[in-house]
Amino acid sequence: MPHSTRLPRTGLLRTVAALALAAGTLLAAGPAPAQDGPTGSQTGGAAVAIAAETVSRDGTTRLTLTLSRAIEARAFVMERPDRAVIDLPEVNFQLDQETGKMSGRKRDGAIASFRYGLFAPGRSRIVVDLTGPAVVEAIETTTTREGAVLVSIPFRKVDRDTFRKAAVAGDPSPAAKAAPKAPPKAASMNEAADTRPLIVIDAGHGGTDPGAIAATGVFEKDIVFGFAQSFAERLEQSGRYRLLMTRDRDVFVPLAERVRIAREAKADLFVSIHADSISAAPQVKGATIYTGSEKATDSESARLAERENRADAAAGTESGEGPADVADILQELTLRETRGFSAGFAGRLMGQLSPVMEMSTKPHREAGFKVLRSPDVPSVLIELGYLSSKSDLEKLQSEEWRARVTGSMAKAVDLFFSGRSTLSRPALVAPKRSAAIAPVSP
Ligand code: ZN
């Protein structure tokens, strides 16, 4: 889990990337460490992309990147929905605001829209939504007289059959497709002795997956990351908790990986931070707290969960197998108990948040969010508000509002853990009537 970051007890958001941990290095939070891609450039530091343009001519649409140096790009196409994925070594995208807004707006030939970002440490990715079946022809690299490197990716429209064959042929192995996982790390003596509750804060989206996009061009992934950081900082300052973030920068993290991070760390609480958007209803506003359930409270919640669950596809990965199906009766029982804790925390949150912020008309709902499926970690997801609401968007970008809300959320966490001085985490228990099933360790 190269994305997860354990916050040191002091030093607030100075973070230790798991990747660096493996290498025995300590990193301060901030810009991504330079990672050379497979091209092994000697210049050190990621290549910088300063422009990305699309031009259609003679049935071919070219996406051209202007870069500070040459990089190796690799493309493959995927079906359902039709898209192309361009894998790159880590690229520092410094594209202007207009390029950032391209997502879902500009249509040009074979390309409907594209998005880009960090896919995993050391790896960037561009995901191109296609207007229909198209294949990527040979990628060309040229150098301008000024020394800039142009990487041109040509897309040619083809029939469905040809596209399907290309999708099968170009499909990298599941291992290559998934974001790499770091080997499990052993807890240090210090960590093992630390019995303070562990809270995992999950900033939604990231990297190639921007989440919802406001009319002003602001991305959900950025708003929720800022909020998640302040919330973690707030909790950390109390000294009562250990904190772990599922991502410590603008990087894509698969949904199942977020769940895995919490479970593997034996988290006592998982809080996922999101913000919604309904462009068709700009008057809709307010926060909603969600807990997991196979049955959604209403169709609106079901649709939202479905949208959030599409995050993996948005970043160009298959959803893969999600967290293990809760078929096992032990897990089923544990999940039921855990969901009681989740609902308990949601109640605390409601109590603390209602007086300080605008809540939606039905502020606690249930739906089948993938990130809320840990059988043994109480989990809630909070949609802070709507990027499509002018007043919500203003609040979401206000420091003062954020300080007030994270303060109240921290109070809800205190209430949740107070009186739970013993083991706060539900343990897997053997069912009373089913002797045939041996208890398993969590
Ligand atoms: Zn979201």
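Quick note: structure is the one above.
*Asks:* Honestly, the nonpolar core in this entry has me stumped. Any pointers?
*Replies:* Buried together is how nonpolar side chains tend to be arranged in soluble globular proteins. I201, I273 and M409 are the most contacted members of the largest nonpolar core, which totals 43 residues. Leave out the neighbours within four places in its chain, and I273 touches I201, D202, A203, G204, V224, F227, A228, F231, I382, L384 and M409. The next biggest cluster of nonpolar side chains, apart from the first, holds 30 residues, and it includes A49, I86, V91 and A110.

*Asks:* Quick question: what am I supposed to make of the sheet that holds strand β5 (residues 74–78) here?
*Replies:* Across a sheet, strands are paired by hydrogen bonds formed along the backbone, either parallel or antiparallel in direction. Taken together, the 4 strands give an open sheet; going across it, the order is β5-β6-β9-β8, and neighbouring strands pair in antiparallel fashion. Two strands close off the open sheet at either side, each with one partner strand: β5 and β8 (111–120). Taking the axes of each pair of neighbouring strands and ignoring which way they run, one obtains an average angle of 20 degrees across the sheet. In terms of strand pairing, β5 meets strand β6 (residues 83–89) through 5 bridges, oriented antiparallel. In the strand pairing of β6, M78 is matched with R83. Relative to the sheet, helix α3 (residues 160–170) contacts β5, β6 and β9 (123–130), its axis offset from that of β5 by approximately 125 degrees.

*Asks:* Please clarify how the environment of I201 should be interpreted in this entry.
*Replies:* Here I201 lies in strand β13 (residues 198–203). In this structure the C-alpha to C-alpha distance between I201 and M245, which are 44 residues apart in sequence, comes to 4.9 Å.

*Asks:* Looking at this structure, how should I read the coordination of the zinc ion?
*Replies:* For a metal with four donors in a tetrahedral arrangement, the ideal angle between donors is 109.5 degrees, while six donors in an octahedron ideally sit at 90 or 180 degrees. Every protein donor of the zinc ion is listed here as H205 (NE2), E220 (OE), H274 (ND1), E308 (OE) and E308 (OE), and their distances to the metal cover 2.0 to 2.4 Å. The motif formed by the donor residues of the zinc ion, counted along the single chain, is H-x14-E-x53-H-x33-E. Residue H205 is found in the loop between β13 and α6 (220–238), and its partner E308 is found in helix α8 (residues 299–309); the two are separated by 103 residues along the sequence. By the burial criterion, H205 is buried, and E308 matches it.

The rules behind the values
- Residues numbered from 1 in each chain as written.
- Predicted model: local features only at pLDDT ≥ 70, side-chain atom pairs only at ≥ 80, totals over all residues.
- Heavy atoms only, no water.
- Core = buried A, V, L, I, M, F, W, Y, C linked by side-chain atoms within 4.5 Å.
- Buried < 20%, exposed > 50% of the residue type's maximum accessible area, 1.4 Å probe, protein only.
- Contact = heavy atoms within 4.5 Å.
- Pairing = 2+ DSSP bridges.
- Helix = DSSP H or I, 4+ residues; strand = E, 2+ residues; numbered from the N terminus.
- Axes fitted to C-alpha atoms, helices over the stretch in contact; angles between N-to-C directions.
- Donors = N, O, S within 2.8 Å, 3.2 Å for Na, K, Ca; no water.

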